[in-house]
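Each chain is listed here by its residues.
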Amino acid sequence: MKSLRDQGYRPRTRLGGHLPNPPFFGMLLGVALWVLSVASPVLADSTRWQVVPGESRISFSGEHAGNKFKGTFGTWDAVIAFDPADLAGSKATVTIALASAKTGDITYDKTMPTADWFDVAHGPTAVFETTAFRAKGSDAYEADATLSMRGLKVPVVFAFTFKADGDHASLAGSAKLKRLDFGIGRGSDGDGSWVSLDIPVEVGVLMTRAP
Amino acid sequence: MRDSQRYTAAAITLHWLIALAIVTLLVAGWWMTDAIHHPETKATAFKVYQLHKSLGLTVLVLSVLRLIWRLVNPPPPLPDGMTRFERIAAHATHGLFYALIIAIPLAGWAMVSASPFGLPTIVFGLFEWPHIPVLAGLEDKRPVEAVFRNAHEIMAYGLAALLVLHVGAALKHHFVNRDDVLTRMLPFLRARGRA
């Protein structure tokens, strides 16, 4: 896994480009909003965690023409504040570079970025953002979240286990995604006769407590 | 005189490479277009499709090379004893052969380019063969893909029929007319009965 920031990716300001005159005021507001959007997780009370790259992966799988495939996203960033004792104050935002999806099959890897699939030319990232957490007993939790990609924002449920040991924590979870919810492959294969409609996503993350 | 009675080594090599590829393509194409619809053979059929595309493009390249080679190195003349009708039939068959072995892969390439699925063609898993841009950029690809798919299939059946005629004629020349029409295209042989 590589960090998005290492790849030159910068969060876009949501209003900066659309504000009316005076331009200076607009720019100032844009910068202020950007700082807020970047800094807001810091304001959360619960424990912040930093993902250990190389020990963490986001993968997806499915079936095409009867052949199983499995892929990973090589480039993503996560801002995680999670405390089992303070689920209300917990929050995770994961930004995934869609162009970094690789299955190891050149035919698939060349197709995924195209317009009918991830359409990276029009939306380079997928953003996963939690809205609520529930404890499911022992180390198990569930997060209500939204996943935004291809211009669509879809509610998803992410089930995971979280185990903290001092300054280290591990998280393993999965979400059952349906590609048509995001319009993925609708034009080429809208009924799943080629590519499975269900695309499970697996997440395995090692984290260290943020300083 | 012996050399001018035989095809050149390059022409013989190209003929048999293309022949082998075409027979493979006809069998693979006939099998895979049905097998892709059955769950138990779908996975294998998909892989055969990818090989079919690679092999078909190989035939396209080899056939263009062969046509150029033929224009530069004219083939040996037909045997003296042939009637006017036989000569016309032979030339027409070969002309149609050249047209088909170039047109069929072109139609296949067009059909892949116009496929809504947009799968890239990776020649034998080594490098990407581009789509035909004007077709890959179409708004509504399905009807265009269907036209080329039908053309590809109809021409392939035509080629299979022509192949039967071609092999039959070669055998007739060899066993009935007892001329060197077959042997002059066989590798590792010398022309029969001429010195």
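Asker: Where do I start with the overall build of chain B in this structure?
Answerer: Summing up its helical and strand segments, chain B has six helices and two strands in all. Taken across its 195 residues, chain B has 19% of its residues classed as buried. Within chain B, residue pairs in contact and separated by at least 24 positions form 71% of the contacts whose partners lie at least 6 positions apart.

Asker: What is the right way to read the interface of chain A and chain B from this model?
Answerer: Where interface size is given, it is often the accessible area lost as the parts come together that is meant. Of the residues lining the interface, twelve residues belong to chain A; the matching set on chain B comes to 13 residues. Looking at which element gives the most residues to the side of chain A that touches chain B, the answer is helix α2 (residues 106-111) of chain A, with four residues. For the side of chain A that touches chain B, the per-class residue count stands at two nonpolar, seven polar and three charged.

Asker: What exactly am I supposed to notice about the nonpolar core here?
Answerer: General note: in soluble globular proteins, nonpolar side chains tend to be found buried as a group. The biggest cluster of nonpolar side chains holds 35 residues, and the ones touching the most others in it are Trp76(A), Ala78(A), Ile80(A), Ile96(A) and Leu98(A). Breaking this core down by element, the ones donating at least two residues are β1 (48-51), β4 (76-81), β5 (91-97), β7 (125-135), β8 (140-149), β9 (152-165) and β11 (198-209) of chain A. Those residues within four positions of Ile96(A) in sequence are excluded, and the remaining contacts are Ile58(A), Phe73(A), Trp76(A), Thr125(A) and Ala126(A). With 16 residues, the next largest nonpolar core counts Ile22(B), Leu55(B), Ala107(B) and Met155(B) among its residues.

Asker: Sorry if this is basic, but what is going on with the packing of helix α2 (residues 9-35) of chain B against helix α3 (residues 39-72) of chain B here?
Answerer: Two numbers describe a pair of packed helices, the interaxial angle and the distance between the axes. All names here are of chain B. Viewed as axis vectors pointing N to C, α2 and α3 meet at an angle of 155 degrees, and their least axial separation amounts to 8 Å. By the angle between their axes, α2 is roughly antiparallel relative to α3. For the crossing formed where α2 meets α3, the hand is left-handed. In terms of residue class, the contact of α2 with α3 is made up of 20 nonpolar, eight polar and two charged.

Asker: When you look at unusual backbone geometry in this model, what are you seeing that I'm missing?
Answerer: Excluding glycine, a negative phi dihedral is what most residues carry, and trans is how most peptide bonds are arranged. All names here are of chain A. Unlike most non-glycine residues, Ser138 shows phi in positive territory, near 55 degrees. The residue Ser138 is located in the loop between β7 and β8 in this model. The exposed category is assigned to Ser138, around which 8 C-beta atoms lie within 10 Å. Phi is positive for Arg150, close to 55 degrees, though the residue is something other than glycine. Checked against the element boundaries, Arg150 lands in the loop between β8 and β9.

Criteria and thresholds
Residues numbered from 1 in each chain as written. Chains lettered and ligands numbered in written order. Predicted model: local features only at pLDDT ≥ 70, side-chain atom pairs only at ≥ 80, totals over all residues. Helix = DSSP H or I, 4+ residues; strand = E, 2+ residues; numbered from the N terminus. Buried ≥ 20, exposed ≤ 12 C-beta atoms within 10 Å, placed from the backbone. Contact = placed C-beta atoms within 7 Å. Nonpolar A, V, L, I, M, F, W, Y, C, P; charged D, E, K, R; others polar. Core = buried A, V, L, I, M, F, W, Y, C linked by C-beta atoms within 7 Å. Axes fitted to C-alpha atoms, helices over the stretch in contact; angles between N-to-C directions. Parallel < 35°, antiparallel > 145°, perpendicular 65-115°, else oblique. Left-handed = near helix turned anticlockwise from the far one by under 90°.

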